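Summary of structural features
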Amino acid sequence: MASSAQSGGAGGGGAIASNPRVWIVVGIAVAGVIVLAEAARRRRRWLRDRAGAPPDAGAFCDRFELSPPQQPPPPAARHLLSGLTFAASDNFEIEGYVAGFGNPDWKRTHEAPRHTSVTVTMLQKQGGTCVCVGRTVMDELGFGVTGENLHCGTPINPASPSLVPGGSCSGSAVAVAAQLVDFALGTDTIGDVRIPASFCGLLSFRPSYGVVSTLGTIANSQSLDTIGWFARDPCVLHRVGEVLLPATAGGLKQTKQFVFADDCFQLLKVSNQKTLHAIKNAVQTLPGYQPPKHINIGQYLYSNVPSLKEFCEPATKLQEGMSALKALSTVMLLLQRYEFKASHENWVNTVKPKLGLDISTRVLSAVNFAHDNIKSLYAIRNELRVALKNLLKDTGILVLPTTAGYPLKRNSKERLSSGFEERMYKFVGIAALSGCCEVTIPLANLDHHVSLSFVAAHGSDKSLLRTILDTYSLIQEQVVLASKLVTTPVTNGDADIDVDASELLKEKGNSAFKSRQWSKAAEFYSEAISLSDTNATYYCNRAAAFLELGRFKQAEADCDRALLLDRKNGKAYLRRGFAREVTLNYKEALQDFRRALALEPQNKTALAAERRLQKLLK
């Protein structure tokens, strides 16, 4: 019996071992234990991290609620910002609350103001039921670029918690990015709003100098300070502008043109092809936009801002542009130091505030600032505004990266390096010194933290905001599309080399065309097409050369190809119309001229051609 029982037991074990259902149950049980253990581990880690994390992502230094005054009944009430909440940086004065300017010694030595800043008051009175919920952390005294603060800590960048949020208005950027408020105010002196917007993946706006009142904010540099704001949504960015900007800040004509600063894009680590391709495609789907223009903005400034040469380092002809951009940031920083010293030297020397190491270095440089010719700094500012006005006129919008560098990791030692600051300030000085308005928008689906800036002439604020409102979703769609279409890794420069080479060939073709060397121009355009056969401009330009050479059928074929790639190409319709007119296809030619006019209603050449053919067809 014993042996039988033993045998039965062994037989039962074998039966279990050979039963697949049993093993499935066991497997599920083991997997469940593992999942529960992992869930418990993650929850412990989440609780640990949560316990160590500052409340509200560390964005606020003061929490309060300023309810707006009672609104007049409709239709008198304007409700552009009804129901929205906002915050302001720690240098905005609020009645009854002492502003800290990012430093406890400043707060300790100043009294609560009797009046609230003009900007906050305007938002509450004219924005509808718009509520200010507090003041946000900023770099001490408005200096700094990382967003780190010795006393308040560093707000957590919601886009990338391991990276700095950017400064000086770090708290305002984080409050918006973390969805704690709908929009937030800051002061942009030398990129203090634009840089954190770039780091945190937000939209921001720096208005033209002097257009929005800075009364009721603590100045860092009076001739550079502007009121700026952050938003996640272009509609909110635009609506804040409708409240704060005067009616006279219009500017741009309905027909606009993007001007790409090619030399600035070449400094980015991400593929130029992705960025430029996305914007061009977005623009080409919009009516009323001229074909994009390309420029070496550094070289342009070197040639058109004569006083800047005093601050340029010795450079070869090819390096003059980069030298000019670096000189521009140098002048911007010198002007900031001079004006900070004029406003705050006595307080710094009397109070001797406790400052973070990198901020202390900047403040001491400002307080000890001495320059032989201050007038030259202001001369450059005036010359720069004139140069940009001549470049952009009332149709142009300069497109460039917001910065030439990318966010640092939190607590990185590199924050003190001059190289990091130089990369941050290389492009922001264009708007800061000229007083032009600038919008910054994030780019989705691109490697690194990349944002674009759009700069328009002084006083074109409302038109620029309207342009971004119209183009923002298209740009983001095109960026996503470009990121899917371009498969070449960023580390492999072949794609960029092809794009750069084809653009160079196109420019050579344009030069030959201007010199009336039609055959040579056609050859250059053909070579550009061989490198990049999806660019409508190359086919359209070659069609122009073929028209001059009397090769009308080839010109028509090139225009057909250009219109397949870009159905909004007004020049392609115009040139195909000429080719068809010469070959006596008058009806088709008239249709093309009318399509060109639909895209460019003020095109005198197309209008004259339409009238000419209407007479012929009577």
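The rules we used
Residues numbered from 1 in each chain as written. Predicted model: local features only at pLDDT ≥ 70, side-chain atom pairs only at ≥ 80, totals over all residues. Heavy atoms only, no water. Helix = DSSP H or I, 4+ residues; strand = E, 2+ residues; numbered from the N terminus. Contact = heavy atoms within 4.5 Å. Areas by Shrake-Rupley, 256 points an atom, 1.4 Å probe, with all protein chains shown as cover. Salt bridge = Lys/Arg side-chain N within 4 Å of Asp/Glu carboxyl O. Buried < 20%, exposed > 50% of the residue type's maximum accessible area, 1.4 Å probe, protein only. Lys, Arg positive; Asp, Glu negative; His and termini not counted. Core = buried A, V, L, I, M, F, W, Y, C linked by side-chain atoms within 4.5 Å. UniProt positions renumbered as here; feature names shortened; annotations may be inferred. Axes fitted to C-alpha atoms, helices over the stretch in contact; angles between N-to-C directions. Parallel < 35°, antiparallel > 145°, perpendicular 65-115°, else oblique. Left-handed = near helix turned anticlockwise from the far one by under 90°. Nonpolar A, V, L, I, M, F, W, Y, C, P; charged D, E, K, R; others polar. Polar contact = N/O pair within 3.5 Å; in protein donor to acceptor, adjacent residues only side chain to side chain. Pairing = 2+ DSSP bridges. pLDDT = per-residue confidence, 0-100. Disulfide = S-S within 2.5 Å. 1 Å grid on protein atoms, 1.4 Å probe; cavity = no way out; pocket = protein on both sides within 12 Å on 5 of 7 lines; lining within 4 Å. Points joined across faces, edges and corners; volume = space filled by probe spheres on them. Expected span 1.5 Å × (residues − 1).

Looking at an unreviewed UniProt entry, one finds the protein chain named Amidase domain-containing protein and attributed to Urochloa decumbens.

Helix and strand counts for the protein chain stand at 23 helices and 11 strands. Restricting to contacts in the protein chain with at least 6 residues of sequence separation, those with at least 24 account for 73%. Total accessible area computed for the protein chain in this model is approximately 27,900 Å², and 53% of it derives from carbon and sulfur atoms.

Bringing the pattern of salt bridges into the picture now. Summed over the entire model, instances satisfying the criterion amount to 26 salt bridges. One salt bridge in this structure joins E438 and R194, with 2.9 Å as the shortest N-O distance. Placement of the pair is E438 in strand β10 (residues 437-442) and R194 in helix α6 (residues 194-200), with a sequence separation of 244 residues. Measuring nitrogen to oxygen at the nearest pair gives 3.4 Å for the salt bridge that ties E503 to K506. Placement of both E503 and K506 in helix α17 (residues 494-514) is noted, with a separation of three residues, approximately one turn of the helix. Each of the two residues, E503 as well as K506, counts as buried. Here the residues in one salt-bridge network are K553, E556, D560, R576, R580, D592 and R595, joined through shared partners.

On to the side chain of R575, then. Mapped onto the elements of the fold, R575 is located in helix α21 (residues 570-582). Of the side chains with opposite charge, E548 comes closest to the buried, unpaired R575, at an N-O distance of 8.4 Å. In this structure, R575 is in contact with C540, N541, A544, L547 and C559, ignoring residues within four places of it in sequence.

Membership of the largest hydrophobic core comes to 54 residues, with the highest contact counts inside it found for L123, F183, L185, F205, W229, I441 and F454. Here the element with the most residues in this core is helix α16 (residues 461-485); it accounts for six residues. Counting residues in each nonpolar core, the second largest holds 50 residues, with I295, L308, C312 and A324 among its members.

So, about the UniProt feature "repeat: TPR" (unreviewed entry) in the protein chain. UniProt marks residues 502-535 and 570-603 with the feature "repeat: TPR" (unreviewed entry), using the numbering shown here. Between the end C-alpha atoms of residues 502-535 there is a gap of 10 Å, over a span that is 79% helix and 0% strand. Annotated as residues 570-603, this span is 79% helix and 0% strand, and its ends, taken at the C-alpha atoms, are 9 Å apart.

Looking now at the packing of α21 against helix α23 (residues 604-616). One way to put it is that α21 packs onto α23 with a least axis distance of 11 Å and a crossing angle of 30 degrees. With respect to α23, the element α21 is oriented roughly parallel. You can see that α21 and α23 cross each other, and the crossing is left-handed. From α21, L574, F578 and E581 reach across to α23, where they touch T605, A606, A609, R612 and L613. Its residues assigned to classes, the contact of α21 with α23 shows five nonpolar, one polar and two charged.

Here we come to the side chain of T226. When you line up the elements, T226 lands in strand β6 (residues 226-231). A distance of 3.4 Å separates a polar atom in the side chain of T226 from a polar atom in the side chain of R206. The contacts of T226, once residues within four sequence positions are left out, are G186, T187, D188, R206, P207, Y209 and T214.

Attention now moves to the pairing of β6. Extensive coverage of β6 is indicated by the burial of six of its six residues. Side chains of β6 alternate between two faces, with T226, G228 and F230 and I227, W229 and A231 buried alike. Looking at chain direction, strand β4 (residues 183-188) and β6 are connected through six bridges and run antiparallel. Within β6, the position partnered with A184 by the bridge is F230. Pairing of strand β5 (residues 203-206) with β6, which is carried by three bridges, proceeds in the antiparallel orientation. Its bridge partner lying in β6, F205 is registered against W229.

A few words on the confidence of the model for the protein chain. Averaged over every residue, the pLDDT of the protein chain is 84; residues scoring 70 or more account for 83%. Segment residues 42-52 is flagged for pLDDT under 50; beyond a separation of four residues in sequence, or across chains, it makes zero contacts in the model.

As a further point, take the state of the cysteines. A full pass over the atoms with the stated rule returns zero disulfides. Summary of cysteine pairing: C130 is not part of a disulfide, and the nearest cysteine sulfur, belonging to C132, is at 8.3 Å. The class of C130 is buried, set by a relative accessible area of 0%. For C436, which is in no disulfide, the shortest distance to another cysteine sulfur is to C437 and amounts to 6.7 Å. Residue class for C436 comes out buried when judged on its relative accessible area of 1%.

Before going further, it helps to spend a moment on empty space enclosed by the protein. The rolling of a water-molecule-sized probe over the atoms marks out the regions of remaining empty space. Applying the stated criterion across every chain, the model contains two cavities of 30 Å³ or more. Its boundaries defined by the atoms lining it, the second largest cavity holds a volume of some 30 Å³. For the second largest cavity, the full set of lining residues is N91, F101, M138, G142, S168, T187, T189, D192, I218 and N220. Grouping the constituent residues of the lining of the second largest cavity by class yields three nonpolar, six polar and one charged.

Viewed as axis vectors pointing N to C, helix α18 (residues 518-531) and helix α19 (residues 536-549) meet at an angle of 155 degrees, and their least axial separation amounts to 9 Å. The angle between the axes of α18 and α19 places the two elements in the roughly antiparallel class. Every pair of crossing elements has a handedness; the one defined by α18 and α19 is left-handed. Of α19, the residues touching α18 (which contributes W518, S519, A521, A522, Y525, S526, A528 and I529) are Y538, Y539, N541, R542, A545, F546, E548 and L549.

Another point: helix α22 (residues 586-599). Helix length check: α22, at 14 residues, gives a terminal C-alpha distance of 20 Å against a target of 20 Å (1.5 Å per residue), a fit within 8%. Taken residue by residue, α22 has A589, L590, D592, F593, A596, L597 and L599 as its buried positions. Packed against the buried residues of α22 are α21 and α23.

Let's shift gears to the sheet that holds β6. Within a sheet, neighbouring strands are paired by backbone hydrogen bonds and run either parallel or antiparallel to one another. Here 11 strands make up an open sheet; going across it, the order is β1-β3-β2-β4-β6-β5-β10-β11-β9-β7-β8 and the pairing mixed. The two strands at the open ends of the sheet, each matched to only one other strand, are β1 (60-66) and β8 (293-295). Averaged over all neighbouring strand pairs, the angle between strand axes comes to 25 degrees, with direction disregarded. The strands touched by helix α13 (residues 374-392) are β7 (257-261), β8, β9 (396-401) and β11 (451-456); relative to β9, the strand with the most contacts, the crossing angle is about 110 degrees.

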